[in-house]
Amino acid sequence: MEEFINLNYVMVLLLFFFMIHILVKYRLSSSNNGGSLVISKVILIAMAIIGHGTIIANVGYTETGYRIVAFNAMVLFCFMLISHYIHFLEPVIWHIIAMLHLIGSIMLHRLSPELALKHNILALLGFALMLLVGFIVNKIAFFSKMTYLYMAVAIGLLLIVNSTTYGATNWFSYGNFSFQPSEFVKIVFAFYLASAFKKEYEFIQLLIGSVVSAVIVLILVYQRDLGSALLFFSLYMVLSYMYSRKRWMSFAQLGAFSVGAYLSYTLFAHVRTRIYAWQDPWAYIDNEGYQVTQGLFAFASGKWMGTGLTLGQPTKIPVVTTDFIYAAIGEEFGSIFAILLIFLYLILIITLLSQCQKTYSLFNAYVGVGLVVMFGFQGFLIIGGVIKLIPLTGVTLPFVSYGGTSLIATILSIGIIEAITKAKHHLKEREYRAHTIVTIKGIMFFLYSALAIYLMYFLIFNSDQLQLNTYNSRLDQIEENILRGSIYDSTGRTLAYSSYDGDEIVRYYPFAAMYAHAIGYSQIGKTGIEANHNVDLLNPHFSFLEQFKWTLSGQGDKGSDVYISLDHGLQEIAYEALGDRKGAILAMEPSTGRILAMVSKPDYNPNTILSEYEELIQSDEGVLLNRTTQGLYPPGSTFKILTLLEYIHENGEEFNYFCKGRDIFGNKFFSCYGDTAHGRVNAKDALAQSCNTAFATMGESIDMRKLEALANSVLFNKELPYDYYHQTSSFLLPETVSPELRAETVIGQGETLITPLHNMLVFSAIANGGVLMKPYLVEEIRNPYGDQVKKMLPTIGETIFDSEDTAMLKEYLLAVVEEGTGKGLISEQYTAAGKTGAAENPFGDTHAWFVGFAPYDNPQIVVSIIVENAGSSSSNSVPIAKDLFDYYLNDK
């Protein structure tokens, strides 16, 4: 594969030097110094050999391939050599056309050999007809006097259409013969307007020309040939301005065009469809937007230097040989080549306009400028539509796309431009002002530069994400040919990497299940970091020069490496502490949001996911579920900090209650854990001992709607500030809250559900002075050279507690450890704070929660732990927290 990609660099350089050489030689020929075009001929021959040779080397020798090469050689011979011996042809112009035609022939040879052969045969036919028509136009003078004949022929040709292709009724068919009349009407229309405007300005003549032009444009709109309608309108605008020389005229015409466009949008469904597909092709990706999205996928896949000829998948693009051949070029030759192609068209347009400046006849100037404008706008419309700069109009790319009628008509147009601009006249002074042609040159330079700039913008800012979009049908091929980047922990330990096993790329996970839910898997679908950073892991994030250097090194394609914030030592302790029990453990640095540990069980081995996947998805254990971010549990007593806070907001800290271990609220008995009677308790004691009946009593004196508002302020019923997939915690209250539901809700039961991630964030905000830092799992991305391309920095989120509430809650949470259910966290090395919780569930034994942080004065780590169906938090969750705090604060 690498050797063919290297050939793209050769093709880019050849095209670049060809353009430079053409510019130099045209300047010499314009100053009558002449100059040889031998270098251009050598470049054309070299590109023909490389292009056609690469295709033959990949697909094998065929009779059709031989004929394509033979006929393409004949076309190049005509364009490069015969043009030197025809007095009205400019060899420089026909060398440019030869290059355009060659690029089209190579691409069509790759896409459809049968069409490539027809393309070259039709080019020979078009060249022969062009010579004949050119000699006639060059010799006969009365062409300027057939105004009404041109009008009748133009309208007549448009009215004979009887066949519909791709939604536009713009073809005439009779048996096996068919052609597109509008392509020849372009030429006739240019002659009509030139004939109508050849004399001194008269408003009535302008009005007649405007009416005839409007009729022709409306016929094309009715036939749904929107591209041709725009071309004809652009020709009318330019020539009517050259005729009237009134600037207000152009603004009036643009206003009329805007009104017409709005009416077309309102009246015609097919126009609305095109606009919708342009504005948001992703919303219509399965229908109207499919063509555009597939073209953009092609550019994203090819990037700057392309996949290599025959190594992409351009055949996935609908009508790729006609409307979307430019996207195929971008995919296989690369966008650098495609951008050079844009400027090659611009050089041809500017050169043709310069030819028009040399004629003395007003009629000849109008015909020449009109045909150049048609040609120039046609290239702009199709390239702009393919890259989504403007709505797609469905015209062909001149000389490059397959289109028999279009190709012949375009060759005829160029020949006519050359013939009439070099025709001899008795006039001693020019009949028109040449500055208008200079203005047109400026407009064309602006339009084609806009195409190049927009394509570069797309490649720089959008292509990476788009290349690996799940709708991209090339995704499987991309992944088969790219060595996926590695994943490392915060200390540089390898957690996932890819290597070749023969010709197959295999993904390895050295720590098996330990990081399964955080990192995920990539072999059968993708989850975790493998899914969230798929673009980075497959994208080298190279600049153009870095890509060039990497390619020359002969190494295969490789993605970037992802460095995550998990601490291996902490992850290992959490993993082993949870053992064979179900549950989830999260740890985070509260001052930054760096996630330090993420463990979910039951787990799986990502190394064997392919063989075990069916069994895993059929299991009722929820093995593939990442409980840390997607598991929803009753918060149990960990919710009591919100109940306490709301009680104090409404009633102050004064609270006195005598706990008997059980009490009745409404018609239901509520008991403390283990029916423990806590005796006389105040607010701090109630939290420290996790006294259910005391909190149920608090609940009787608080406004439940205010509690609901407090819950929402700490992100219940909202998306968390976490970039990856997670469940939303819920706090739900009916309009009427029964005494039983009130008691259940204030102790963290009822309809309240929370994820371990959310619980951790609430407590991290308390640890961080009320400010919630945005949690993040990925710290940086490095390209294959080891250069940092992305760095994730701590991001301040919402302030969900004020400073007074934070200080009070910290004090109460400290009491939980020093005097209450969290005594197992008492240590000589540090002081911890937090809250235990026993969460009842209807499907088994009570879940054991602990959420807290340490050290108390300067929190460096916050943990959220739930052990499913474990019973006592003091016996199950608190010891795990102790292990995590000891390692992170003492042993690390």
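Structure: above.
Presented here is an overview of the structure given in this document.

Rules of the game
Residues numbered from 1 in each chain as written. Predicted model: local features only at pLDDT ≥ 70, side-chain atom pairs only at ≥ 80, totals over all residues. Heavy atoms only, no water. Pairing = 2+ DSSP bridges. Helix = DSSP H or I, 4+ residues; strand = E, 2+ residues; numbered from the N terminus. Axes fitted to C-alpha atoms, helices over the stretch in contact; angles between N-to-C directions. Parallel < 35°, antiparallel > 145°, perpendicular 65-115°, else oblique. Left-handed = near helix turned anticlockwise from the far one by under 90°. Contact = heavy atoms within 4.5 Å. Nonpolar A, V, L, I, M, F, W, Y, C, P; charged D, E, K, R; others polar. Disulfide = S-S within 2.5 Å. Polar contact = N/O pair within 3.5 Å; in protein donor to acceptor, adjacent residues only side chain to side chain.

### Some thoughts on the sheet that holds strand 2 (residues 168-174)
Overall, antiparallel pairing links the three strands, which are arranged 1-2-3 in an open sheet. With one partner strand each, in any of the chains shown, strand 1 (163-165) and strand 3 (177-179) form the two edges of the open sheet. Going from strand to strand, the sheet's axes swing by 40 degrees on average, the running direction of each strand aside. Pairing analysis gives two bridges linking strand 1 to strand 2, with the strands arranged antiparallel. Bridge assignment links serine 163 to a residue of strand 2, and that residue is tryptophan 171.

### A few points about the packing of helix 15 (residues 362-386) against helix 17 (residues 435-467)
It is at 10 Å that the axes of helix 15 and helix 17 come closest, and there the two elements cross at 15 degrees. The pairing of helix 15 with helix 17 is recorded here as roughly parallel in orientation. Every pair of crossing elements has a handedness; the one defined by helix 15 and helix 17 is left-handed. Along the contact surface, helix 15 presents Val369, Val373, Phe375, Gly376, Phe377, Gly379, Phe380, Ile383 and Gly384, while helix 17 presents Ile437, Ile440, Met444, Leu447, Tyr448 and Leu451. Looking at the contact of helix 15 with helix 17, its residues break down into 12 nonpolar, three polar and no charged.

### Regarding the environment of glycine 631
Along the chain, glycine 631 turns up in the loop between helix 25 (627-630) and helix 26 (640-651). For the pair formed by glycine 631 and serine 729, sequence separation is 98 residues and the distance between their alpha carbons is 9.6 Å. Apart from residues no more than four positions distant in its own chain, glycine 631 is found in contact with Leu625, Asn626, Ile754, Thr755 and Pro756.

### Some thoughts on the state of the cysteines
Counted according to the given criterion, the structure contains zero disulfides. In this model cysteine 659 remains outside any disulfide bridge; the closest cysteine sulfur is found in cysteine 691, 3.5 Å from its own.

### Considering the sheet that holds strand 6 (residues 504-508)
Within a sheet, each strand pairs with its neighbour through backbone hydrogen bonds, oriented either parallel or antiparallel. Strand order in the open sheet formed by six strands is 6-5-4-7-15-16, with mixed pairing between adjacent strands. The sheet terminates laterally at strand 6 and strand 16 (788-791), the two strands that pair on one side only. Pairing of strand 5 (residues 494-501) with strand 6, which is carried by five bridges, proceeds in the antiparallel orientation. Paired with tyrosine 497 across the bridge in strand 6 is tyrosine 508.

### Side note on the side chain of aspartate 536
Along the polypeptide, aspartate 536 turns up in helix 21 (residues 534-538). Here the side chain of aspartate 536 touches histidine 533 through a polar contact of 2.9 Å, side chain to side chain.

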